[in-house]
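The chain contents come next:
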Amino acid sequence: MTARPEAGTQPAWPVRSAYLAAPGFEAVMEQELARKGAGDLCWHGRLALSALPPVASLWAIDIWDAPEQHAVPSIKGAARIMRGLQRNWAGYAPAMHRRSALITDALPPVRPKPVSFPSTPPDAHLGGWTLLAPDVLLLSPTKSTPFINGEVAFVENRTDPPSRAYLKLWEALYRLGRWPVAGETCIDLGACPGGWTWVAASQGAHVTAIDRAPLAGSIAALPNVTCRYESAFGLDPATCEPVDWLFSDIIAYPTRLLALAQRWIASGRAARIVMTIKFQGETDHDTAEAFATIPGGRVLHLWHNKHELTFFWQRDGA
């Protein structure tokens, strides 16, 4: 793998793309970028800089797709360049923290509050920037997410959900700008202990929870939750009524999850799918890419994901 210099080391070539990894997933993203021909990388903290145009990365939580390097002898000069391009900027500062903070103070404020779910993501334009050296600014007016450094923080519910897994589904639905509502139906595969079931049921949808293990009592007792104690993999989609949402946070090998997703898509019984692709041991990049090539689908590494990706799929017209 590419050697990683200390943050603040400048690459010897013009930067044409940059990929931000979630904490602890730099090596996984580096493997993926090597497979996709992203070229040599120069690491600036968790930000991987490349001399080649951007490639589609499943593991990057943010992609800077139009980087520019500028000489900035002063803090005001750095802020002036960015203000001349657009209003909203988010800084990434793995080094030179004081100088970066002073530049941030000279820019129009961007201070998002934790999200109260349900909510739709911001539609304001947001660029990214960092200091490669005290007098060298790297900026990108556009990037892949409207979130500061790809991070999504929520006003958490620490009382009702039976586990913290609900945050993954909150983030997935928040990014979609769409969530289950009253009058809609959902199936939650491998639902125990019930975090994802709680998310959908708390918005008024009816949820059929599928798992051999029982849900937390408070979730199973909800009036719009039906529990079926059977195998999620043994459930035949052809025997199910059509549903608006199919959810899955099952712990299983990625190839098995891929087959499960393909079976449900082929059945035509689900309008939308949100599924966690979990990796045990080595990352199965081939299967992750197979998910990403499914028509109507996309794959992201969410801020609340661990060694896993989230698969989104929507039927045409859904």
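Note that the structure is a prediction, hence the values are computed from the model and not measured.

Student: So what's going on with helix 8 (residues 285–292)? Which residues, and what values?
Tutor: Within helix 8, burial applies to His-285, Thr-287, Ala-288 and Phe-291. Summarising the axial view, the buried residues of helix 8 lie within an arc of 165 degrees, below the 170-degree limit, and thus occupy one face. Lining the buried residues of helix 8 we find helix 1 (26–35), helix 7 (254–267), strand 13 (272–278), strand 14 (297–300) and strand 15 (308–314).

Student: How would you summarise the packing of aromatic side chains if you had to cite specific residues and measurements?
Tutor: Within the structure shown, the criterion is met by 13 aromatic pairs. Seen from their ring centres, Tyr-166 and Trp-170 are 4.8 Å apart, and the 90 degrees between their planes marks the pair as edge-to-face. Of the two residues, Tyr-166 and Trp-170 are both situated in helix 4 (residues 166–176); the distance of four residues between them amounts to about one turn of the helix. For the pair Tyr-166 and Trp-170, a shared accessibility class is recorded, and that class is buried. An aromatic cluster of at least three residues, connected via ring pairs, comprises Phe-117, Phe-147, Phe-154, Tyr-166, Trp-170, Tyr-174, Trp-179 and Trp-198. The ring of Trp-245 carries Arg-272 above its face, with NZ or CZ at 5.0 Å from the centroid.

Student: For the packing of helix 1 against helix 8, give the residues involved together with the corresponding values.
Tutor: Helix 8 packs onto helix 1 with a crossing angle of 70 degrees between their chain directions and a minimal axis gap of 11 Å. The orientation of helix 1 relative to helix 8 falls into the category roughly perpendicular. Once helix 1 is placed against helix 8, the crossing between them reads as right-handed. Contacts between helix 1 and helix 8 pair Val-28, Gln-31, Glu-32 and Arg-35 from the former with His-285, Asp-286 and Glu-289 from the latter. Within the contact of helix 1 with helix 8, the residues separate by chemical class into one nonpolar, two polar and four charged.

Student: I'd love a proper account of the pattern of salt bridges, names of residues and values included.
Tutor: Once the charged atoms of two side chains with opposite charge are near each other, the side chains can pair. Scanning all chains against the criterion turns up 13 salt bridges. In this structure, Lys-36 engages Glu-32 in a salt bridge whose closest nitrogen and oxygen atoms are separated by 3.4 Å. A relative accessible area of 26% places Lys-36 in the partly exposed class. With its nearest N and O atoms 2.5 Å apart, the salt bridge here joins Glu-184 to Arg-178. The buried category is assigned to Glu-184, whose relative accessible area is 11%. Owing to a relative accessible area of 27%, Arg-178 belongs among the partly exposed residues under this scheme. Beyond isolated ion pairs, a larger network of salt bridges with shared partners links Lys-168, Asp-249, Lys-278 and Glu-308.

Student: Please give an account of the sheet that holds strand 6 (residues 89–91) that cites residues and values.
Tutor: Spatial strand order, 5-8-7-6: four strands in an open sheet with mixed pairing. Either end of the sheet is taken by a strand with one partner, and the two such strands are strand 5 (68–71) and strand 6. Direction aside, neighbouring strands of the sheet carry axes that sit 30 degrees apart on average. Summarising the sheet, strand 6 and strand 7 (residues 127–133) pair through three bridges and their orientation is parallel. Each residue of the ladder has a partner; that of Ala-90, found in strand 7, is Gly-128. Strands in contact with helix 2 (residues 75–85) are strand 5, strand 6, strand 7 and strand 8 (136–140); relative to strand 8, the strand with the most contacts, it is inclined by about 20 degrees.

Student: Explain the state of the cysteines residue by residue, including any values.
Tutor: As enumerated under the stated definition, the model contains zero disulfides in all. The thiol sulfur of Cys-240 is not disulfide-bonded, and the nearest other cysteine sulfur, from Cys-186, lies at 13 Å. Classification of Cys-240 as buried rests on a relative accessible area of 8%.

Student: An account of the sheet that holds strand 9 (residues 185–189) is needed here, citing residue identities and associated values.
Tutor: The seven strands are arranged 11-10-9-12-13-15-14 in an open sheet whose pairing can be described as mixed. With partners counted over all chains shown, the strands left at the sheet margins are strand 11 (225–228) and strand 14, one partner each. Across the sheet, the mean angle from the axis of one strand to that of its neighbour is 15 degrees, orientation sign disregarded. Sheet topology places strand 12 (residues 245–248) next to strand 13; three bridges connect them, and they run parallel. Bridge pairing in strand 13 links Phe-247 to Val-274. Along the sheet face, helix 7 touches strand 9, strand 12, strand 13 and strand 15 and points at about 170 degrees away from the line of strand 13.

Student: Talk me through helix 7; I want residue IDs and the actual numbers.
Tutor: Its 14 residues give helix 7 an end-to-end C-alpha distance of 20 Å, which sits within 8% of 20 Å, the value for a rise of 1.5 Å per residue. Those residues of helix 7 that sit buried are Pro-254, Leu-257, Leu-258, Leu-260, Ala-261 and Trp-264. An end-on view of helix 7 places all buried positions within 160 degrees of arc, on one side of the element. In this fold, the buried residues of helix 7 make contact with strand 9, strand 12, strand 13, helix 8 and strand 15. Following helix 7 by one or two positions, Gly-268 has its phi on the positive side, about 75 degrees.

Quick notes on the rules
Counting restarts for each chain, with residues numbered from 1 along the sequence as it is written. For this predicted model, a pLDDT threshold of at least 70 governs which residues receive local features, and a threshold of 80 or more governs which side-chain atom pairs are given and counted, while totals over whole chains, interfaces and linings are taken from all residues. Only hydrogens and water are set aside; all other atoms, that is, all heavy atoms of the structure, feed into the side-chain values. A 1.4 Å probe rolled over the protein chains alone gives each residue an accessible area, and that area as a share of the maximum for its type sets the label: buried under 20%, exposed over 50%, partly exposed in between. Comment: elements are numbered from the N terminus, with helices defined as DSSP H or I runs of at least four residues and strands as E runs of at least two. For this quantity, the arc is that covered by the directions from the helix axis to the C-beta atoms. Throughout, a contact is declared for two residues whenever any of their heavy atoms are within 4.5 Å. Pairing of aromatic rings covers Phe, Tyr and Trp, the last through its six-membered ring, and needs centres within 6.5 Å; plane angles under 30 degrees mean stacked, over 60 mean edge-to-face, and all others mean tilted. Charge-over-ring placement is defined geometrically: NZ (Lys) or CZ (Arg) within 6 Å of the ring centre, and within 35 degrees of the ring normal. Lines are fitted to the C-alpha atoms to define the axes, a helix being fitted only along its stretch in contact, and any angle between axes, read from their N-to-C directions, falls within 0 to 180 degrees. Should an angle fall under 35 degrees it is taken as roughly parallel, and over 145 as roughly antiparallel, whereas 65 to 115 is taken as roughly perpendicular and any remaining angle as oblique. Crossing chirality is assigned from the near helix's rotation relative to the far helix, an anticlockwise turn below a right angle marking it left-handed and a clockwise turn marking it right-handed. As a working rule, the residues Ala, Val, Leu, Ile, Met, Phe, Trp, Tyr, Cys and Pro are called nonpolar, Asp, Glu, Lys and Arg charged, and the rest polar, with Gly in that last group. Counted as salt bridges are all cases of a side-chain nitrogen of Lys or Arg within 4 Å of a carboxyl oxygen of Asp or Glu. One requirement defines pairing of two strands: DSSP has to find at least two bridges between them. Any pair of cysteine sulfurs within 2.5 Å is marked as a disulfide. To estimate the expected span of a helix, count its residues, drop one, and scale the result by 1.5 Å.

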